[in-house]
Amino acid sequence: MPKISNKGRQMPESPIRKLVPYSEIAKKKGNKVYHLNIGQPDIKTPEVAMNAVKNIDLTILEYSHSAGNESYRKKLSAYYINQDISVNIEDIIITTGGSEALMFAMGSTMDQGDEIIIPEPFYANYNGFSTASGVTVVPVISTIETGFALPAVEDFEKLITPKTKAILICNPGNPTGYLYSKEEIMKLAALVKKHDLFLISDEVYREFTYDGDVHYSVMNVPGLEEHAIMIDSVSKRYSMCGARIGCIVSKNKEVMSTAMKFAQARLSPPTIEQIASEAALDTPQSYFDEVISEYRERRDTLIEELNKIEGVIVSKPKGAFYCIAQLPVDNADAFAQWLLESYDLDGETVMVAPAAGFYSTPGMGLNQVRIAYVLKKADLISAVRILKAAIPVYNASLTKA
């Protein structure tokens, strides 16, 4: 039998999706499953985007430009300028989701065996993108005790080698919900300039900030034009995860001309979804005001309820819609599977994402889970009530075993 590639063997499973078969079994038993495991918002997609799709008048579904529709890029440039990010259409390439944008960024800046430094825990698919690109992830650990703040610059600096090509951050962060301050971004900017590295910033949760905190983009840093690469997406901003439209943005012309070759190789981003994404840029501010208010209330509800569970440690997220919670269990992976396979409370159970999959350092995050607060407040309260009841039962089952 022909053998699959070593790269394929090394591709990590998604900690977010690998428990899906167990949730399906739980549902077949008749149990209700509260999905805290995945960042799929239940917020309605803006009407302007949906109407644009409903009202499409096309006779041929053609390829778009490899860089994306010019009309969309022009409108997107205006959106960024409104965010105090001064970019032109030639600084933007539309991609099939933020995932492809990150693949283009890695492919354009790194070779086989090069290294990328990432504060962990980090979005689990960064491991997959790096493996697919032949790039080695070098983690720098942030801790729950600091709320997952940026590690000291010295911690980054001692990891830099001749193979280091970039530092990658997610701001606001998935899975931590941490929002890097302007001061932290400026420290990273100084570091990448000192060592001639790229600073890649995944900013898909830009709008999701709370308590008066303000997002500061790497594209805002003066003098960082040749180093900064921004990754973006419509998935969370407009609750359009299924559209699979993102973009790579940089003022470094060599980076963009190289990324364009990758864009041409995959032909073009989806046509209909670009139409929807372009229309979504007309979403009124009132939509975002309501969404942010709703997520703030969900966050506060979740943190309040988690703090009622003895032994749980959780930091209050500043942005996005995730948090990392440390549970009083020995192995969150086993606990998450047990919740779906062997436990229910009045016919209900919970699905969480074990956090070990968001680290690349072995042994880290074993008793942590990522929780996405994308459910209604009443559902979040019910889900945490189930967790509170389940933890002692799970620990008791281990003692008996």
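Residues numbered from 1 in each chain as written. Predicted model: local features only at pLDDT ≥ 70, side-chain atom pairs only at ≥ 80, totals over all residues. Heavy atoms only, no water.

All right, on to the pairing of strand β2 (residues 92–95) then. Burial along β2 is two-sided: Ile92 and Ile94 facing one way and Ile93 and Thr95 facing the other are all buried. In the sheet, β2 pairs with strand β8 (residues 246–249) via 4 bridges, with the strands oriented antiparallel. Within the sheet, the bridge partner assigned to Thr95 lies in β8 and is Gly246. (Buried < 20%, exposed > 50% of the residue type's maximum accessible area, 1.4 Å probe, protein only. Helix = DSSP H or I, 4+ residues; strand = E, 2+ residues; numbered from the N terminus. Pairing = 2+ DSSP bridges.)

Counting through the fold element by element, Ser64 comes out in the loop between α3 (47–54) and α4 (70–82). Engagement of the side chain of Ser64 in a polar contact is seen with the backbone oxygen of Pro269, the distance being 3.3 Å. Engagement of the side chain of Ser64 in a polar contact is seen with the side chain of Gln274, the distance being 2.9 Å. Once residues lying within four places of it in the same chain are set aside, the contact partners of Ser64 are Asn69, Ser268, Pro269, Thr271 and Gln274. (Polar contact = N/O pair within 3.5 Å; in protein donor to acceptor, adjacent residues only side chain to side chain. Contact = heavy atoms within 4.5 Å.)

This brings us to the pairing of strand β5 (residues 164–170). One face of the sheet, then the other: side chains in a regular strand alternate in exactly this way. Counting buried positions along β5 gives 6 out of 7 residues, so the element sits mostly inside the fold. The pairing of strand β3 (residues 115–120) with β5 spans 3 bridges and is classified as parallel. Residue Glu115 lies in a different strand from β5, and its bridge partner there is Thr164. As for the winding sense of the linkage, the β-α-β connection from β5 through helix α8 (residues 182–195) to strand β6 (residues 198–202) is right-handed. (Right-handed = clockwise from strand over helix to strand, strands pointing away.)

Packing of helix α11 (residues 285–306) against helix α13 (residues 377–400) leaves a shortest axis separation of 9 Å and a crossing angle of 20°. Our classification of the angle between α11 and α13 gives roughly parallel. Seen from above, α11 lies across α13 with right-handed handedness. Residue-level contacts link Glu294, Glu297, Arg298, Thr301, Leu302, Glu305 and Leu306 of α11 to Lys377, Leu380, Ile381 and Val384 of α13. Residue composition of the contact of α11 with α13, by class: 5 nonpolar, 1 polar and 5 charged. (Axes fitted to C-alpha atoms, helices over the stretch in contact; angles between N-to-C directions. Parallel < 35°, antiparallel > 145°, perpendicular 65-115°, else oblique. Left-handed = near helix turned anticlockwise from the far one by under 90°. Nonpolar A, V, L, I, M, F, W, Y, C, P; charged D, E, K, R; others polar.)

UniProt marks residues 32–343 with the feature "domain: Aminotransferase class I/classII large" (unreviewed entry), using the numbering shown here. This span, residues 32–343, is 38% helix and 16% strand, and a straight line between its end C-alpha atoms measures 11 Å. (UniProt positions renumbered as here; feature names shortened; annotations may be inferred.)

To continue, consider the pattern of salt bridges. Inspection of the entire model under this criterion finds 22 salt bridges. With a closest N to O distance of 2.8 Å, Arg298 and Glu294 form a salt bridge. Linking Arg298 with Glu294, this pair stays in helix α11, spanning 4 residues, or about one helical turn. On the accessibility criterion, Glu294 (22% relative accessible area) is partly exposed. A salt bridge links Glu305 to Lys308; the nearest nitrogen and oxygen atoms lie 3.1 Å apart. Its relative accessible area of 44% is what places Lys308 among the partly exposed residues. (Salt bridge = Lys/Arg side-chain N within 4 Å of Asp/Glu carboxyl O.)

Below, the discussion takes up the nonpolar core. Ranked by size, the top nonpolar core spans 135 residues in total, and within it Tyr80, Ile116, Ile167, Ile200, Ile248, Leu306 and Phe335 carry the most contacts. Counting contributing residues, this core receives three or more from each of domain 1 (6–44 + 286–399) and domain 2 (57–281). (Core = buried A, V, L, I, M, F, W, Y, C linked by side-chain atoms within 4.5 Å. Domains from an automatic or database assignment.)

Time to look at helix α6 (residues 125–133). Judged by how many residues are buried, α6 sits mostly within the fold: 7 of 9 residues are covered. Regarding α6, the residues found buried are Tyr126, Asn127, Gly128, Phe129, Ser130, Thr131 and Ser133. Packed against the buried residues of α6 are α1 (6–10), α5 (97–109), β3, β4 (136–141), β5 and β6. Gly134 occupies a position one or two residues after α6 and carries a positive phi of about 70°.

Our next topic: the domain arrangement of the protein chain. For an interface, size is often stated in terms of accessible area lost upon the parts coming together. With domains assigned, the protein chain is organised as domain 1 (6–44 + 286–399) and domain 2 (57–281). At the interface, 39 residues of domain 1 touch 35 residues of domain 2. Along the contact surface separating domain 1 from domain 2 lie 1 salt bridge. Listing elements by their share of the side of domain 1 that touches domain 2, those giving two or more residues are α1, α11, β9 (313–314), β10 (322–326) and β13 (368–372). Looking at the side of domain 1 that touches domain 2 element by element, the count peaks at 7 residues for α11.

Sheet architecture is open: 4 strands sit in the order β9-β10-β13-β12, paired in antiparallel fashion. What marks the edges here is a single partner per strand, and that holds for β9 and β12 (353–354). Across the sheet, α11 is in contact with β9, β10 and β13; its angle to β10 comes to roughly 5°.

Let us now look at the packing of aromatic side chains. Evaluated as defined, the whole model comprises 18 aromatic pairs. With a centroid separation of 5.5 Å and an interplanar angle of 85°, the aromatic rings of Tyr205 and Tyr322 are classed as edge-to-face. Of this pair, Tyr205 sits in the loop between β6 and β7 (228–233) while Tyr322 sits in strand β10, and the two are 117 residues apart along the sequence. Judged by its relative accessible area of 3%, Tyr205 is buried. An aromatic cluster is defined as three or more aromatic residues linked by ring pairs; in this entry it consists of Tyr205, Phe208, Tyr295, Phe321 and Tyr322. (Phe/Tyr/Trp six-rings, centres within 6.5 Å; stacked < 30°, edge-to-face > 60°.)

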